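# Architecture and fold: a report
If you want the building blocks of each chain, they are given just below.
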Amino acid sequence: MSPNTWPAEAIWEQVYPLLPDFTVEVLPEVDSTNSELMRRARAGQHEPTLLVAERQTAGRGRMGRVWQSQPGDSLTFSLSLPMAPKDWSGLSLAVGVSLAESLHPQVGLKWPNDLWVQERKLGGILVEAASMGGRSQVVIGVGLNIRPRPADGLNTAPAALTEWRPGITAAETLGLLAAPLIRTLLHFEQTGFAPLQARFEARDVLKGRRVHTSDGARGTSLGVSTSGALRLQTDAGVLDIHSSEVSVRPFSAEDKP
Ligand code: BTN
């Protein structure tokens, strides 16, 4: 893919009135866009930057997982922003709300920040932060499946955006997502997650379902709180789960809830 295919200038034109020192960069290859922007943040580079990679050689997912993607079949980018919200809670959920709303009415959200369609993962979000000399820089990484890829034998094939938006490319998808995402983040910085709670709920794929968490909790999802916690009705009462180091799955037909 040629760098000219990417709508870098169009995105910059939409964003620079909000962030005058904003830059957009496209790299043919990097280990991980999150790792690269975290290195830059730690080295004192605080300019708001959108970094797109056509290929990642060491893409990272949440909870230490690997994020695999093929050039053209997926969109991989990260956004680095200096931020100082009063309350950080719910940030990754806010990112999910913005992305889902930009993509398609059918795109759902699986707490804390997976994009899901019809019980399959369409994309994921990795939020990291660097604090240097009292400043906080957040790095938000997004990986989205654009074209279908086969199941790996163990798991069902993930969802792909072209199933709902036939023919859409990674570059066109970035053009849809980037400016609304930045507007959502600037809004989040002022107001926190609470005003976005209803929009998350409208796409919440877990609400009302029996779920189990990676740390052993089980119950029925009551949805998310105004601070972005997952509210579980368990046998022992309502449990609010705040940690993003927990993964949650709905019980499937084969499970014994
Ligand atoms: C997850 O679902 O576990 C989160 C996946 C996040 C993947 C993206 S791809 C762009 C950015 N760079 C990375 O190394 N990871 C994120």
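Residues numbered from 1 in each chain as written. Predicted model: local features only at pLDDT ≥ 70, side-chain atom pairs only at ≥ 80, totals over all residues. Heavy atoms only, no water.

## Section: the overall build of the protein chain
- Scanning the protein chain for helices and strands turns up five helices and 12 strands.
- Computed over C-alpha atoms, the radius of gyration of the protein chain comes to 18 Å, within 12% of the 18 Å expected from 2.2 N^0.38 for 257 residues, which places it in the range of a compact globule.
- Expressed as lengths along the three principal axes of its C-alpha atoms, the size of the protein chain is roughly 50 × 45 × 30 Å.
- By the burial criterion, 50% of the 257 residues in the protein chain qualify as buried.
- Of all intrachain contacts in the protein chain linking residues separated by at least 6 positions in sequence, the fraction that spans at least 24 positions is 66%.
- For the protein chain, the accessible surface area stands at approximately 12000 Å², while carbon and sulfur atoms represent 50% of it.
- Computed over 25 positive and 27 negative side-chain charges, the separation of the two mean positions in the protein chain equals 5 Å. (Helix = DSSP H or I, 4+ residues; strand = E, 2+ residues; numbered from the N terminus. Rg over C-alpha atoms; globule rule 2.2 N^0.38 Å. Buried < 20%, exposed > 50% of the residue type's maximum accessible area, 1.4 Å probe, protein only. Contact = heavy atoms within 4.5 Å. Areas by Shrake-Rupley, 256 points an atom, 1.4 Å probe, with all protein chains shown as cover. Lys, Arg positive; Asp, Glu negative; His and termini not counted. Charge placed at Lys NZ, Arg CZ, Asp CG, Glu CD.)

## Some remarks on the pattern of salt bridges
- Under the criterion given, the structure shown has 14 salt bridges.
- Close ionic contact of Glu-128 with Arg-60 constitutes a salt bridge, the shortest N to O distance being 2.9 Å. Of this pair, Glu-128 sits in strand E6 (residues 120-132) while Arg-60 sits in the loop between strand E2 (49-53) and strand E3 (74-82), placing them 68 residues apart in sequence.
- A relative accessible area of 18% means that Glu-128 is categorised as buried. (Salt bridge = Lys/Arg side-chain N within 4 Å of Asp/Glu carboxyl O.)

## Comments concerning the site of the ligand
- Of all residues adjacent to the ligand, which total 20 residues, the nearest are Ser-32, Gln-56, Arg-60, Arg-62 and Lys-121.
- Gln-56 is positioned such that a nitrogen or oxygen atom in its side chain is 2.8 Å from a nitrogen atom of the ligand.
- A total of 410 Å² of accessible area belongs to the ligand in isolation, and the protein chains cover 99% of it.
- At the level of elements, helix H2 (33-42), E3, E6 and strand E7 (135-145) are the ones that each hand at least two residues to the shell around the ligand. (Near = heavy atom within 4 Å. Polar contact = N/O pair within 3.5 Å; in protein donor to acceptor, adjacent residues only side chain to side chain.)

## Focus: the sheet that holds strand E8 (residues 210-213)
- As summarised here, the arrangement of the five strands in space is E11-E10-E9-E8-E12, forming an open sheet in which the pairing is antiparallel. Looking at strand neighbours, the two that pair on one side only are strand E11 (237-241) and strand E12 (248-250), the edges of this open sheet. Strand-to-strand twist across the sheet, computed as the mean angle between neighbouring axes with direction ignored, equals 45 degrees.
- Bridge count between strand E10 (residues 230-234) and E11: five bridges; the pairing is antiparallel. Bridging from a neighbouring strand, Leu-230 pairs with Ile-241 of E11. (Pairing = 2+ DSSP bridges. Axes fitted to C-alpha atoms, helices over the stretch in contact; angles between N-to-C directions.)

## Observations regarding the sheet that holds strand E5 (residues 114-117)
- Across the sheet, which stays open at both edges, the seven strands sit in the order E1-E2-E3-E7-E6-E5-E4 with mixed pairing between neighbours. The open sheet has two edge strands with one neighbour each: strand E1 (23-27) and strand E4 (108-110). Taking each pair of neighbouring strands and ignoring which way they run, the sheet shows an average axis angle of 20 degrees.
- Two strands pair when backbone bridges link them, and E3 and E7 are joined in this way by nine bridges, in the antiparallel orientation. By the bridge assignment for E7, Thr-76 is matched with Gly-143.

## Things to note about the domain arrangement of the protein chain
- We note that the domain assignment places domain 1 (3-191) and domain 2 (210-255) within the protein chain.
- Each of domain 1 and domain 2 was reduced to a C-alpha centroid, and the two centroids are 25 Å apart.
- With both sides pooled, the region where domain 1 packs onto domain 2 buries about 960 Å², and carbon together with sulfur makes up 60% of that total.
- Across the domain 1-domain 2 interface, the total number found is zero salt bridges.
- Considered class by class, the residues forming the side of domain 1 that touches domain 2 number five nonpolar, two polar and four charged. (Domains from an automatic or database assignment. Buried area = accessible area lost by both parts, 1.4 Å probe. Nonpolar A, V, L, I, M, F, W, Y, C, P; charged D, E, K, R; others polar.)

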